[in-house]
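Descriptive structure summary
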Amino acid sequence: MIVCPSCKHEEFEGALFCNECGAQLPGTPQTGTKNIQRMAATETLQPLRPKPTETRSSSGAPPTTSIDAPIAIYVMDAGQIIPLAGRDEFTLGRSSEQQTVLPDLDLSPFQAYEKGVSRLHASIRVNSNPVTVTDLGSVNATRLNGQRIPPSKPIPVQHGDILTLGKLKLQMIIRK
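Residues numbered from 1 in each chain as written. Predicted model: local features only at pLDDT ≥ 70, side-chain atom pairs only at ≥ 80, totals over all residues. Heavy atoms only, no water.

Next up on the list: the sheet that holds strand β8 (residues 105–106). The five strands are arranged β8-β7-β9-β10-β13 in an open sheet whose pairing can be described as mixed. The two strands at the open ends of the sheet, each matched to only one other strand, are β8 and β13 (155–156). Strand direction decides the pairing type here: strand β7 (residues 89–93) and β8, joined by two bridges, are parallel. In the strand pairing of β8, Leu92 is matched with Leu105. (Pairing = 2+ DSSP bridges. Helix = DSSP H or I, 4+ residues; strand = E, 2+ residues; numbered from the N terminus.)

Before going further, it helps to examine the sheet that holds strand β14 (residues 162–165). Strands sit in the order β6-β5-β15-β14-β11-β12 across an open sheet of six strands; the sheet is antiparallel. Either end of the sheet is taken by a strand with one partner, and the two such strands are β6 (80–83) and β12 (147–148). With four bridges joining them, β14 and strand β15 (residues 168–174) adopt antiparallel strand pairing. Bridging across to β15, Leu163 finds its partner in Leu170.

Moving on, we get to the side chain of Ser138. If you trace the backbone, Ser138 turns up in the loop between β10 (132–135) and β11 (142–144). Polar side-chain contacts of Ser138 include one of 3.2 Å to the side chain of His121. At a separation of 2.6 Å, a polar atom in the side chain of Ser138 contacts the side chain of Asp135. Setting aside its immediate chain neighbours within four residues, Ser138 contacts Ser118 and His121. (Polar contact = N/O pair within 3.5 Å; in protein donor to acceptor, adjacent residues only side chain to side chain. Contact = heavy atoms within 4.5 Å.)

What follows covers the nonpolar core. With 27 residues, the main nonpolar core has Leu92, Leu107, Ile124, Leu163, Leu170 and Met172 as its most contacted residues. When residues of this core are traced back to their parent elements, those giving at least two are β5 (71–75), β7, β9 (122–125), β14 and β15. Once residues within four sequence positions are removed from consideration, Leu107 is found in contact with Ile82, Leu92, Gly93, Arg94, Ala112, Leu165, Leu168 and Leu170. In terms of nonpolar packing, the next biggest core, distinct from the first, is built from six residues, Ile2, Ala15, Cys18 and Leu25 among them. (Core = buried A, V, L, I, M, F, W, Y, C linked by side-chain atoms within 4.5 Å. Buried < 20%, exposed > 50% of the residue type's maximum accessible area, 1.4 Å probe, protein only.)

Okay, the pattern of salt bridges next. In this structure the tally under the stated criterion is three salt bridges. Between Asp77 and Lys115 there is a salt bridge; the shortest N-O distance is 2.8 Å. A residue pair is termed long-range when its members are at least 10 positions apart, and Asp77 in the loop between β5 and β6 and Lys115 in the loop between β8 and β9 qualify at 38 residues. Judged by relative accessible area, Lys115 falls into the buried class, the value being 15%. Across the pair Asp104 and Arg87 runs a salt bridge whose closest N-O atoms are separated by 2.5 Å. Taken as a pair, Asp104 in the loop between β7 and β8 and Arg87 in the loop between β6 and β7 lie far apart in primary sequence, 17 residues in all. Given the relative accessible area of 19%, Asp104 is considered buried. Since its relative accessible area comes to 28%, Arg87 is described here as partly exposed. (Salt bridge = Lys/Arg side-chain N within 4 Å of Asp/Glu carboxyl O.)

Looking now at the confidence of the model for the protein. Of all residues in the protein, 77% attain a pLDDT of 70 or more, and the chain-wide mean is 81. Confidence drops under pLDDT 50 across residues 36–59; counting only partners more than four residues distant or on other chains, this segment forms 49 contacts. (pLDDT = per-residue confidence, 0-100.)

Across the junction of Asn129 and Pro130, the peptide omega takes the value 5 degrees, indicating a cis bond. Phi is positive for Ala141, close to 70 degrees, though the residue is something other than glycine. Among the secondary structure elements, Ala141 is positioned in the loop between β10 and β11. On the basis of relative accessible area, Ala141 is assigned to the buried category, the value being 3%.

Here is the structure:
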């Protein structure tokens, strides 16, 4: 077990952040992530790759976007918008070498490993009313507007809500 230096909560080996207070745990590796190259034959199975297409907002509201998708995710630290279209549900996480099951949305380009994002961290169901997020049993938790959500339970999200996967902050853009 790892003991949090801030709140003394015990975490399992391998956790990067404390589930109680969010502090980074001792011994967290500071190595970078690697992108996995894929063959052209698997093109339709590749995780989505983010592309910058936003206009930043100074008010704290989600940015305006020229994306046609009714639902998107704004990666707050990177200032990038990722549209969610073409599927009913998207898994969010990070890819790593020798991983057989890949997330639909690979957050590795946003320092997902360093920020405590699990390989399959959460899912977003976009064709439900309301849109929902589900934690997939992640090590470092999923938070909705600062409140930890329970694993395996779909939780409704609204336009402007902040999802935190480990320490990676994402803002929901919903124009339904």
